[in-house]
Amino acid sequence: MPLIAPPLSLYVHMPWCVKKCPYCDFNSHGVKGAPPPYADYVDVLLADLDADLRDFGAAVHARAVHSIFFGGGTPSLFAPELIDRFLDGVRERLPLIEGAEITLETNPGTVEHGRFDGYLAAGVNRLSFGIQSFDDDKLRRLGRIHSAKEAEAAVKSAQDAGYANINLDLMYALPQQTLAGAQSDVARAIALQPTHVSHYQLTLEPNTAFAANPPPLPDDDHAWAMQEACEQQLAEAGYGQYEISAYAQADRRCVHNLNYWRFGDYLGIGAGAHGKLTVAENGAVHRRWKTRLPKAYLAAAGDAARIGGDGPVAVDELPFEYMLNALRLIDGVPLADFAERTGLPIERIAPALEAARQRGWLVDDAARLQTTALGQRFLNDVISAFLD
Ligand SMILES: C[S@@+](CC[C@H](N)C(=O)[O-])C[C@H]1O[C@@H](n2cnc3c(N)ncnc32)[C@H](O)[C@@H]1O
Ligand code: SF4
């Protein structure tokens, strides 16, 4: 089964935050003392990109980039001039498709006046705000550095600067949150008229302050009731759910994240960033990730020490990896994509597919891979059925 190279995107990790939030297990580091070397970091990002392009040669050569995502950490700690310099560097090295989606994650507590104009001028055309909640008491418990009013003002200021494409991240099932509290957060998000809402259930992640000292969280049944009520509220306001946690107005689905969920390719540069590349010549799906600690990543300055690990994904693991992404999509994917993106024949997953359909987890459609409502609720079990 020949592998066909899917669309290529670029993920860029910015590892610093003003302060580490107690629930967060992202590769993010609170700034203590002197400011981080932001300008040096941009130079090292470009050196990392150069080295990846050299290493992967023909697998990336002349492939157009469909989207760029600055994730964190808190990318909005970087001044617009640095984002501009970086994006110019990318354009010199890789062709970008016309109108490529370029997203920058933003903490509402970090945006000084004028920054949004600068990011827009640099080419950023989508902002993603980490809002989490519009309840000041909840924001305090989450260790956030902004109030609800400041978050609303930041979003309005981005809209005034001319951004037509804005995502708001909300979390639900917060400490001692009620159903009405979760719905009130969604209502305030909708009132700001973003184009996209990401609605995540707060999870206790290992090695976080919350895991060490867990706050009282709503139980699973209450969390599910919040998810269902908020999904309906968002649908009524014109935000269709297209992934477990993602809701968008028509034509505003996130191009970058859709590429992950469809098992597309992406280069990952920056501390701890992950990349995935289809190397059609040798029929392999290759993964590479970068060393996590910003200090070590900076010290590597684009040489081989920047690589935390890499290698082809074992054939036995490909069905699970594929499902881990594709089954998150509410509409699923054409079944034929499985063979195109993994290089494996459909027969390889036929018994697991049949079993999942019999349990009512997958829609009974021979041409599509798509979960039922029951499958969405028990998504982890469904995906595990594809473990070799
Ligand atoms: C990298 S952060 C976004 C930008 C910025 N760092 C901020 O927090 O404002 C990505 C998003 O992941 C979500 N998130 C982080 N930790 C989470 C957790 N433990 N459970 C659920 N969602 C989480 C939050 O909604 C957060 O906005
Ligand atoms: S949630 Fe965002 S701001 Fe908080 S520590 Fe994680 S990446 Fe940083």
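All values derive from a computational prediction rather than experimental measurement.

**Considering the environment of I330**
- Counting through the fold element by element, I330 comes out in the loop between helix 11 (318-326) and strand 15 (333-334).
- By relative accessible area, which is 14% here, I330 ends up buried.
- C-alpha separation for the pair I330 and T103, spaced 227 residues apart in sequence, amounts to 23 Å.
- When sequence neighbours within four positions are dropped, the list of residues in contact with I330 reads Q241, Y242, E243, I244, Q370, T371 and Q376.

**What about the site of ligand 1?**
- As a structural note, the neighbourhood of ligand 1 is formed by 18 residues, with G73, Q132, R144, D169 and T203 the closest of them.
- In this structure, an oxygen atom belonging to ligand 1 sits 2.7 Å away from a side-chain N or O atom of R144.
- In this structure, a nitrogen atom belonging to ligand 1 sits 3.0 Å away from a main-chain N or O atom of T203.
- Summarising the interface, the protein chains cover 93% of the accessible area of ligand 1, which totals 560 Å² for the free molecule.
- Mapped onto the shell around ligand 1, the elements with two or more residues apiece are strand 5 (96-106), strand 6 (126-132), strand 7 (166-172) and strand 8 (196-201).
- Here the shell around ligand 1 is built from residues that sort into five nonpolar, nine polar and four charged.

**Overview of empty space enclosed by the protein**
- Taken as a whole, this structure holds one cavity of 30 Å³ or more when the rule is applied.
- Taken as a whole, the largest cavity encloses approximately 50 Å³ of empty space.
- Taken together, D52, F56, Y266, L267, G268, G275, K276, L277, H286, R287 and R288 make up the full set of residues lining the largest cavity.
- For the lining of the largest cavity, the elements supplying multiple residues, two or more each, are helix 1 (38-56), strand 11 (265-269), strand 12 (274-279) and strand 13 (284-290).
- Split by residue class, the lining of the largest cavity holds four nonpolar, three polar and four charged.

**As for the packing of helix 1 against helix 2 (residues 80-93)**
- At a minimum axis separation of 10 Å, helix 1 and helix 2 run at an interaxial angle of 15 degrees. One way to sum up the angle between helix 1 and helix 2 is to call them roughly parallel. Crossing of helix 1 against helix 2: the hand is right-handed. Of the residues in helix 2, those touching helix 1 at Y38, A39, V42, D43, L45, L46, L49, D50 and L53 are L82, R85, F86, G89, V90 and R93.
- For the contact of helix 1 with helix 2, a count of residues per class yields 10 nonpolar, one polar and four charged.

**Concerning the pattern of salt bridges**
- The full count for this structure, using the stated rule, is 20 salt bridges.
- When the shortest N-O distance is used, the salt bridge between K290 and D48 registers 2.8 Å. One end of the pair, K290, is in strand 13; the other, D48, is in helix 1, with 242 residues separating them in the sequence.
- Residue K290 is classed as buried on the basis of its relative accessible area of 1%.
- D48 sits in the buried class, given a relative accessible area of 0%.
- For D52, the salt bridge identified is with R306, shortest N-O distance 2.7 Å. Note that D52 is positioned in helix 1 and R306 in the loop between helix 10 (294-300) and strand 14 (307-312), a separation of 254 residues in sequence.
- Each of D48, D52, D55, R288, K290, R306 and D310 takes part in a single network of salt bridges with overlapping partners.

**Comments concerning the domain arrangement of the protein chain**
- The domain boundaries assigned to the protein chain delineate domain 1 (8-259) and domain 2 (316-384).
- When each unit is reduced to the centre of its C-alpha atoms, the spacing between domain 1 and domain 2 is 28 Å.
- At the junction of the two partners, domain 1 supplies nine residues and domain 2 supplies seven residues.
- Among the residues domain 1 hides against domain 2, the three largest losses belong to W224, E243 and I244. Together they make up 56% of the total.
- Joining domain 1 to domain 2, the criterion identifies three salt bridges.
- R377 serves as the salt-bridge partner of D221, at 3.5 Å between the closest nitrogen and oxygen.
- The interface formed by domain 1 and domain 2 contains four residue pairs in polar contact (both at pLDDT 80 or more).
- Those elements giving two or more residues to the side of domain 1 that touches domain 2 turn out to be helix 8 (220-236) and strand 9 (240-243).
- If one sorts the elements of the side of domain 1 that touches domain 2 by residue count, strand 9 sits on top with three residues.
- Considered class by class, the residues forming the side of domain 1 that touches domain 2 number four nonpolar, two polar and three charged.

**Remarks on helix 13 (residues 350-358)**
- Three or more residues of helix 13 are buried, namely A352, L353, A356 and R357. Projected down its long axis, helix 13 carries its buried residues within an arc of 135 degrees, all on one side. Facing away from the buried side of helix 13 by over 90 degrees, the exposed positions are P351 and Q358.
- Packed against the buried residues of helix 13 are helix 12 (335-342) and strand 16 (368-369).
- Count one or two residues on from helix 13 and you reach G360, which has phi positive near 80 degrees.

Scoring rules and cut-offs
- Residues numbered from 1 in each chain as written.
- Chains lettered and ligands numbered in written order.
- Predicted model: local features only at pLDDT ≥ 70, side-chain atom pairs only at ≥ 80, totals over all residues.
- Heavy atoms only, no water.
- Helix = DSSP H or I, 4+ residues; strand = E, 2+ residues; numbered from the N terminus.
- Buried < 20%, exposed > 50% of the residue type's maximum accessible area, 1.4 Å probe, protein only.
- Contact = heavy atoms within 4.5 Å.
- Near = heavy atom within 4 Å.
- Polar contact = N/O pair within 3.5 Å; in protein donor to acceptor, adjacent residues only side chain to side chain.
- Areas by Shrake-Rupley, 256 points an atom, 1.4 Å probe, with all protein chains shown as cover.
- Nonpolar A, V, L, I, M, F, W, Y, C, P; charged D, E, K, R; others polar.
- 1 Å grid on protein atoms, 1.4 Å probe; cavity = no way out; pocket = protein on both sides within 12 Å on 5 of 7 lines; lining within 4 Å.
- Points joined across faces, edges and corners; volume = space filled by probe spheres on them.
- Axes fitted to C-alpha atoms, helices over the stretch in contact; angles between N-to-C directions.
- Parallel < 35°, antiparallel > 145°, perpendicular 65-115°, else oblique.
- Left-handed = near helix turned anticlockwise from the far one by under 90°.
- Salt bridge = Lys/Arg side-chain N within 4 Å of Asp/Glu carboxyl O.
- Domains from an automatic or database assignment.
- Buried area = accessible area lost by both parts, 1.4 Å probe.
- Arc of directions from axis to C-beta.

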